[in-house]
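# Inside the fold
Listed below are the residues making up each chain.
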Amino acid sequence: VEERRRGTLERLLTTRLSVSEIFAGKYLSFVARGFIQSLILLALSYAVFQMFTPLSFLACLLIALIFSAAATAVGMIIAALAKSEDGATWTGVVFTMVMVMLGGTFFEIPETGFLATLSKISLNTYANNAFYTVITGGGSLADTGHNLLVLAGVAIIGLVLSRWLFKAVRGRQ
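Residues numbered from 1 in each chain as written. Predicted model: local features only at pLDDT ≥ 70, side-chain atom pairs only at ≥ 80, totals over all residues. Heavy atoms only, no water.

## A short note on the overall build of the protein
- Across its full length, the protein holds seven helices and zero strands.
- From first element to last, N terminus to C terminus, the protein shows the α and β order α-α-α-α-α-α-α.
- When burial is assessed residue by residue, the protein has 34% of its 173 residues classed as buried.
- Across the protein, contacts joining residues at least 24 apart in sequence account for 58% of those joining residues at least 6 apart.
- Taken as a whole, the protein presents about 11300 Å² of accessible surface, with 68% of it coming from carbon and sulfur. (Helix = DSSP H or I, 4+ residues; strand = E, 2+ residues; numbered from the N terminus. Buried < 20%, exposed > 50% of the residue type's maximum accessible area, 1.4 Å probe, protein only. Contact = heavy atoms within 4.5 Å. Areas by Shrake-Rupley, 256 points an atom, 1.4 Å probe, with all protein chains shown as cover.)

## Things to note about the packing of aromatic side chains
- For the structure on display, the rule yields four aromatic pairs.
- One aromatic cluster is present, built from ring pairs that chain together Y46, F52 and F57.
- Seen from the ring of F23, R163 lies directly overhead, with NZ or CZ sitting 5.8 Å from the centre. (Phe/Tyr/Trp six-rings, centres within 6.5 Å; stacked < 30°, edge-to-face > 60°. Lys NZ or Arg CZ within 6 Å of the ring centre and 35° of its normal.)

## Remarks on the confidence of the model for the protein
- When pLDDT is averaged along the protein, the result is 86; 89% of the residues meet or exceed 70.
- Within the protein, the lowest mean pLDDT, 60, falls on helix α1 (residues 2-13), and the highest, 93, falls on helix α3 (residues 54-81). (pLDDT = per-residue confidence, 0-100.)

## Considering the packing of α3 against helix α6 (residues 123-135)
- As a packed pair, α3 and α6 sit with axes 10 Å apart at the nearest point and diverge in direction by 175°. Comparing their axes, α6 and α3 come out roughly antiparallel. In this structure, α3 uses S56, A59, C60, I63, A64, F67, A70, A71 and V74 to contact α6, whose residues at the interface are L123, N124, A127, A130, F131, V134 and I135.
- Considering only residue class, the contact of α3 with α6 consists of 14 nonpolar, two polar and no charged. (Axes fitted to C-alpha atoms, helices over the stretch in contact; angles between N-to-C directions. Parallel < 35°, antiparallel > 145°, perpendicular 65-115°, else oblique. Nonpolar A, V, L, I, M, F, W, Y, C, P; charged D, E, K, R; others polar.)

## Remarks on the side chain of S68
- Structurally, S68 can be placed in helix α3.
- For S68, the contacting residues outside a window of four places in its chain are F30, V31, G34 and F35.

## Overview of helix α2 (residues 19-49)
- Compared with the 45 Å implied by 1.5 Å per residue over 31 residues, the 44 Å span of α2 between its first and last C-alpha is a close match.
- Taken residue by residue, α2 has V19, I22, F23, Y27, V31, G34, S38, L42 and S45 as its buried positions.
- Just past α2, the residue Q50 takes up positive phi, approximately 45°. (Expected span 1.5 Å × (residues − 1).)

Rendered as structure tokens:
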């Protein structure tokens, strides 16, 4: 399997595509994959629980797209820094678990105190706050502006940083 993967990258690098185009293709494919997974989950929750209006459903799709872009950018940073595929995988697993636990995915984070401050480093905090505002809080996308700006900022900065890190590694262009 490792040989096949190495061969795929070598074949991609021999095409007319630049490294940046290959990088962008990988990024966009993972964003699309995360968005499609979110779309399926949101559609199922709409069908089963009927907790959305059509407008809030569309707002949730936009939140999911921006969150997927931010999470993918962080994943690309991890991939650029990792020395091996196993290293990237386990770093991603640990990172995901920390983000989930600090982000209020499984339990509510208090609004004040050390845990509330620590939760600000989690992408899940911003995504969960945005989803909560739109789904149960009766808010609109405008009410989630701060959360969406943080996620979009992480997506943009993470993408630029990961591309720079990928380029900075010896032997890559």
